[in-house]
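One-letter residues, chain by chain:
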Amino acid sequence: MLQNISRGALISRAGTFYPLSNVLRLHGSCHYRSIATYLHSGSRVRGLKKNSDEYLTVQHNDKKLHIDRVDLSAYKSEIFDKLNMNKYGIDLDESLVLQCLTHKSFAHGLKPYNEKLSVMGYHFIKYFAIVKDMTKLQNSENVNNKNIIGSAFSKKVLSNEVLNKVFEQHQLQDLVFWKKRALDHNEGNFNGEFTVHSTCLKALVGAILLKNGQDKTSQFFEQEIYHKMVQLASKQ
Amino acid sequence: MSMTREILKRNFSNTLNKSIRNSSLLVINNAGRINTCFASLRHQSTAAGSSTEVSSTDAHSSAAASLSATPLYNIKDTPTFQDYKGYFKSLQQAVVELPEDLVSKSTKLSTLHARLHLPSELKLSTLSQALNCRSSKLVGTLHDNYNLSILGKNVLIYELTKYLNVKYPRLPLPIFNSCIDYLMGTETLHLLGKFVWGIELEKTTVMSRYLQKEPIEQTLGRLRYYDNEVVNEKGVELYKIHKSNKVVSEEAAYSLAVKSIVGGLHLDTGFNTEIIQQFIENNFIRKIPVAKIFQFTEPIRELTRLCERENLAKPMSKLISESGRLSKAPIFIVGVFSGAEKLGEGFGSSLKEAKTKAATDALLKYYCYEPVNSSAQNENTVQVIDKGSVIV
């Protein structure tokens, strides 16, 4: 692919110049030969390896976050403060908090991501909601309340849209690592924000459950998230 | 007696005809039973709606035509019908209200309760409700097992997800879902309910039970999932009797019943997690052949990506031993190494096959990893959190 090196640049067969400042890695320690790998920035060029700085960085408005250069303790404390997690005696590893807010789309799955945690969290949320509904149903004498299980409202409470709103109410959206479908389209759900944000929230719940047990998770979830979910669903 | 039965059948067919309307016909089969026939016969109602025309060459169609042409008795005036109606009402009332004195008489419910080693907190009435599918026409929506089945499904999937996260923390999501399906899929629950738990189906019609003078409490321990007013016979299919009541299959009905029993247990024990975990462990958790579910398309590439993510040295395949290279049946044993550490080993009749098998072996060892104290799932914390499967 790369034909020759001259005048501080690499020249491809197509005649494109790539500056040598992008040549970041040197492979091979043989004394007679060294191979330089050019890491490309910008639009995709077939055969060229991408500069990792580019795909390991996420941009939220004017703020850029590089996943390897995140101050993990500050990152964790910001999330803990926004979700009042210290109040419930919750403890999570810094790397696990970062994993909870890293979507599968980010860096082509090269970094730990939140898919399995979100599955665990979602099943907990569903379980918690049905237990709440059944308790309400048992205590209620009103016949109209007998059909709340499996109703449209109970489905709406658990929807991605509502979970996304809760996530945005806590202002966590600027801390998520994910890859947008298109950078220049931000309106509505074009990039799949609802799914990504709800996945992150579910993953946080799942991580708390796996590391801190069901009691703490139930307390935290009921106080900080569930009642907001019900409020938002009833407003819609 | 046979005359009375014939009269009842004719009048019964009349009432059913009204409910089924334009979508079905009633025919009498060789055994003399009333069946509904939808597929082969066309049924046209006249403007008056009192008589029907049938056009078919089928032998059954003539029987149906003659049946519809026969003048019908007014069933409501006969004492037999009033008696049958009373039986039906008391049956319906028993299933809806589930009075404890009646429920406690049901031997089938008691034996099912004992067979499953259910705690005394689970009431027999809840157990009976769990056997009442919405698709059966006998009860209204408030007294069927719909709510219990949703609760049971959520409890089951939550507990099994927790179990799998502890037991096999690194399973990729598609494999994880297959495992969940293996443990609580419709087919599994059907087999569990039918052959392990021994739940019986209510197959006989209300009419037959009335004619046999069967005690009402007998039906409470059986699974009701279709309209028992008409006979369920092989080759005769019922559908769209009521728009709101979807006819479910036997498998789905068993699955719903099993989920409902789990839901009922959790509800009656006051959402006690220890009891439900114990019940699920005893009844649902079994050995899963996890390694057999995997199918890798590019194992060598996937292993390279995995080592890159885990900050391990790039995997290298090395020939460990070989036999009969120049023969027609050579054997090569290849190991895949990351630095000095051996990740996996494979054999094959070619170097390429052995290398692929070694990479597959290494991947399986990573994904099917079981932590040493994985059995202690009741503890609050888990040791390993999955980083996600490698995307190739």
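Residues numbered from 1 in each chain as written. Chains lettered and ligands numbered in written order. Predicted model: local features only at pLDDT ≥ 70, side-chain atom pairs only at ≥ 80, totals over all residues. Heavy atoms only, no water.

- Chain B carries the name Large ribosomal subunit protein mL44 in an unreviewed UniProt entry, which gives Hanseniaspora osmophila as its organism.
- A UniProt comment under Subcellular location (unreviewed entry) is attached to chain B, and it reads "Mitochondrion".
- Regarding chain B, the relevant UniProt record gives this comment under Sequence similarities (unreviewed entry): "Belongs to the ribonuclease III family. Mitochondrion-specific ribosomal protein mL44 subfamily." (UniProt positions renumbered as here; feature names shortened; annotations may be inferred.)

- For chain A, an unreviewed UniProt entry supplies the name 54S ribosomal protein L15, mitochondrial and the organism Hanseniaspora osmophila.

### Observations regarding the UniProt feature "domain: DRBM" (unreviewed entry) in chain B
Turning to step 1, where the next piece is worked out: Taking the UniProt record as the reference, the feature "domain: DRBM" (unreviewed entry) is found at residues 298–368 of chain B.
Turning to step 2, where the next piece is worked out: For residues 298–368 of chain B, helix accounts for 39% and strand for 35%, while the C-alpha atoms at its two ends are 18 Å apart. (Helix = DSSP H or I, 4+ residues; strand = E, 2+ residues; numbered from the N terminus.)

### Brief notes about the environment of Val96(B)
Residues and elements named next belong to chain B.
Turning to step 1, where the next piece is worked out: Inspection of the secondary structure assignment puts Val-96 in helix H3 (residues 79–97).
Turning to step 2, where the next piece is worked out: The partly exposed category is assigned to Val-96, whose relative accessible area is 25%.
Turning to step 3, where the next piece is worked out: Distance in space between the C-alpha atoms of Val-96 and Asn-272 is 27 Å, their sequence separation being 176 residues. (Buried < 20%, exposed > 50% of the residue type's maximum accessible area, 1.4 Å probe, protein only.)

### Things to note about the sheet that holds strand E8 (residues 331–338) of chain B
All names here are of chain B.
Turning to step 1, where the next piece is worked out: Strands sit in the order E7-E8-E9 across an open sheet of three strands; the sheet is antiparallel. A strand with exactly one partner marks an edge of an open sheet, and here the two such strands are strand E7 (315–323) and strand E9 (341–348). Adjacent strand axes in the sheet meet at a mean angle of 20° when their direction is disregarded.
Turning to step 2, where the next piece is worked out: Of the strand pairs in this sheet, E8 and E9 are connected by seven bridges, and their pairing is antiparallel. Following the sheet pairing, Ser-338 is matched in E9 by Glu-341.
Turning to step 3, where the next piece is worked out: In this fold helix H15 (residues 351–367) packs onto E7, E8 and E9, with an angle of close to 135° to the strand it touches most, E9. (Pairing = 2+ DSSP bridges. Axes fitted to C-alpha atoms, helices over the stretch in contact; angles between N-to-C directions. Contact = heavy atoms within 4.5 Å.)

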